[in-house]
Amino acid sequence: MIIAMQATATESQIQHICERIREFGYQPHIIKGTERTVIAAVGPGDKKEHIESLKSAEGVEDAFPIIQPFKLVSKEVKKQKTTIKLGDVTIGDGGFVVMAGPCSVEGREQLMTTAVAVAASGAHFLRGGAYKPRTSPYDFQGMAEEGLKLLAEAREQTGLKVITEVLDTEDVKIVGEYADILQVGARNMQNFALLKKLGEVKKPIMLKRGLSATIKEFLLSAEYIVSHGNPEVILCERGIRTFETATRNTLDLAAVPLLNELTHLPVVVDPSHATGKRSLVRPLAKASVAVGADGLMAEVHPRPEEAWSDGPQSLRLEEFDILMKEIEPYIKLRQSEKH
Ligand code: PEP
Ligand code: MN
């Protein structure tokens, strides 16, 4: 349930309500807004007698149930968009953040060439997998810590922030030491042990939508991370599996405005994994801006034909530069519509 405190509520009244909530068997989460504090009480069911009792407590403006199965990530609990600030880059403030780089970190020359080029084109984040979730166990599995070190070196050299995938609970610590944002891949969206562990991390998490996950499942996975203590979650729509085989996946563009209706978490689109085809990435990047995404993730490689993974969907450096120029008018239009 949600307990909206009066604007004049004191800290001790807020703490008192939290105690009552715990006594009733729920977990309180305090959300401080600009005008007033809201307490989300999450637990099994929202009992009518608990709601009535809290309604009449001192300092409480109103108390009501949360209808959606996902609670803390729901717009019902928090209307304002979650903004995630990393140095001079903010995700979720109405701007458009771009994450670009190779599918896998393959070596220094490949990573540095890409990083320097995408930075010059205006990207904010360098992406690159050091731990790779490959469909076949015989495919390249990533450079592990050596790859993380190269990502850190590229950050040092270019000023780009780093986003990279964490595959396993065992690697959370090490990936957390190097990454600015930890990525959970589509195949791990329902790895609940990993999600719980990421709830304890003090860095933002980008959660990619599972291969066949519904929006509800997607948001419940985000709820795992937030309810375990980490409110900084970014959602990534990366295509879902449908009957269509002409593209690697089907990009669910409708998910973007729908998620914006249901949740306060920022939403990013990955047209590379969604399509598997280089030629489709730029058109869908433009569409992502138009449907209200907070950002984009795109795979870029200096020589896609030589890439160790996902070459066919990787943009060449000059194509990424064109993409950045192409999305610019859409970003400007969106910003002018807001004013
Ligand atoms: C990736 O971004 O490197 C990746 C493996 O993507 P996904 O988890 O969406 O397949
Ligand atoms: Mn990839």
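Residues numbered from 1 in each chain as written. Chains lettered and ligands numbered in written order. Predicted model: local features only at pLDDT ≥ 70, side-chain atom pairs only at ≥ 80, totals over all residues. Heavy atoms only, no water.

Chemist: Mind laying out the side chain of H264, listing which residues take part and the relevant values?
Modeler: Inspection of the secondary structure puts H264 in the loop between helix 8 (255-262) and strand 13 (267-269). The exposure class of H264 is buried, given its relative accessible area of 5%. Here L72 takes part through its backbone oxygen, which lies 2.7 Å from a polar atom of the side chain of H264. (Helix = DSSP H or I, 4+ residues; strand = E, 2+ residues; numbered from the N terminus. Buried < 20%, exposed > 50% of the residue type's maximum accessible area, 1.4 Å probe, protein only. Polar contact = N/O pair within 3.5 Å; in protein donor to acceptor, adjacent residues only side chain to side chain.)

Chemist: Got a sec to walk through the site of ligand 1? Specific residues and values, please.
Modeler: The environment of ligand 1 is made up of R127, K132, P133, E165, Q183, G185, A186, R187, K208, R238 and H273. A distance of 2.9 Å separates an oxygen atom of ligand 1 from a polar atom in the side chain of Q183. A distance of 2.9 Å is found between an oxygen atom of ligand 1 and a side-chain nitrogen or oxygen belonging to R187. Starting from 300 Å² of accessible surface for ligand 1 in isolation, the protein chains cover 97%. Across the shell around ligand 1, the residue classes tally to two nonpolar, three polar and six charged. (Near = heavy atom within 4 Å. Areas by Shrake-Rupley, 256 points an atom, 1.4 Å probe, with all protein chains shown as cover. Nonpolar A, V, L, I, M, F, W, Y, C, P; charged D, E, K, R; others polar.)

Chemist: Could you give me a rundown of the sheet that holds strand 10 (residues 181-184), with the residues and numbers involved?
Modeler: A barrel is described by the order of its strands in space; here eight strands give the closed sequence 7-8-9-10-11-12-13-14, paired in parallel fashion. Neighbour to neighbour, the strand axes of the sheet diverge by 25° on average, direction disregarded. Bridge analysis of strand 10 against strand 11 (residues 205-208) gives three bridges, and the strand direction is parallel. Opposite L182, over in strand 11, you have I205 as the bridge partner. (Pairing = 2+ DSSP bridges. Axes fitted to C-alpha atoms, helices over the stretch in contact; angles between N-to-C directions.)

Chemist: Account for the coordination of the manganese ion (ligand 2), with residues named and values stated.
Modeler: For the manganese ion (ligand 2), the full set of protein donor atoms is C103 (SG), H273 (NE2), E299 (OE) and D310 (OD), at a range of 2.0 to 2.3 Å. As a motif over one chain, the donors of the manganese ion (ligand 2) read C-x169-H-x25-E-x10-D. You can see C103 sitting in the loop between strand 7 (97-101) and helix 3 (108-121) and its partner E299 sitting in strand 14 (residues 295-299), a full 196 residues away along the chain. Like E299, C103 is buried. (Donors = N, O, S within 2.8 Å, 3.2 Å for Na, K, Ca; no water.)

Chemist: Report on the sheet that holds strand 1 (residues 2-5), specifying residues and quantitative values.
Modeler: Strand order in the open sheet made by the four strands is 2-3-1-4, with antiparallel pairing throughout. Only two strands of the sheet have a single neighbouring strand rather than two, namely strand 2 (27-32) and strand 4 (60-64). Neighbouring strand axes in the sheet, compared pairwise and without regard to direction, differ in orientation by 20° on average. In terms of strand pairing, strand 1 meets strand 3 (residues 37-42) through three bridges, oriented antiparallel.

Chemist: Outline the packing of aromatic side chains, listing residues and values.
Modeler: The way to describe two aromatic rings as a pair is by their centre distance and the angle between their planes. Taken as a whole and judged by the stated rule, the model has two aromatic pairs. Centroid distance F140 to W308: 4.8 Å. Interplanar angle 85°. Geometry classified as edge-to-face. You can see F140 sitting in the loop between strand 8 (125-127) and helix 4 (145-158) and its partner W308 sitting in the loop between strand 14 and helix 11 (317-338), a full 168 residues away along the chain. Residue classification places W308 among the partly exposed positions, given a relative accessible area of 44%. Arranged with centres 4.5 Å apart and planes meeting at 25°, the rings of F192 and Y224 form a pair that is stacked. Residue F192 is located in helix 6 (residues 192-198), and its partner Y224 is located in helix 7 (residues 215-227); the two are separated by 32 residues in the primary sequence. The partly exposed category is assigned to F192, whose relative accessible area is 32%. (Phe/Tyr/Trp six-rings, centres within 6.5 Å; stacked < 30°, edge-to-face > 60°.)

Chemist: Tell me what's going on with the environment of V233, and back it up with residues and numbers.
Modeler: Structurally, V233 can be placed in strand 12 (residues 233-237). Separated by 83 residues in the primary sequence, V233 and R316 have C-alpha atoms spaced 29 Å apart. Discounting chain neighbours no more than four positions away, the residues touching V233 are I84, I205, L207, A222, I225, V226, L265 and P266. (Contact = heavy atoms within 4.5 Å.)

Chemist: Tell me about the packing of helix 10 (residues 278-290) against helix 11, and name the residues and values.
Modeler: It is the contact of helix 10 with helix 11, at a shortest axis distance of 8 Å, that shows an interaxial angle of 20°. The orientation of helix 10 relative to helix 11 falls into the category roughly parallel. In this structure, helix 10 meets helix 11 at a crossing whose hand is right-handed. Between helix 10, through R278, V281, R282, A285, K286, S288 and V289, and helix 11, the contact on the second element is made entirely by E319, I322, L323, E326, I327, Y330, I331 and R334. (Parallel < 35°, antiparallel > 145°, perpendicular 65-115°, else oblique. Left-handed = near helix turned anticlockwise from the far one by under 90°.)

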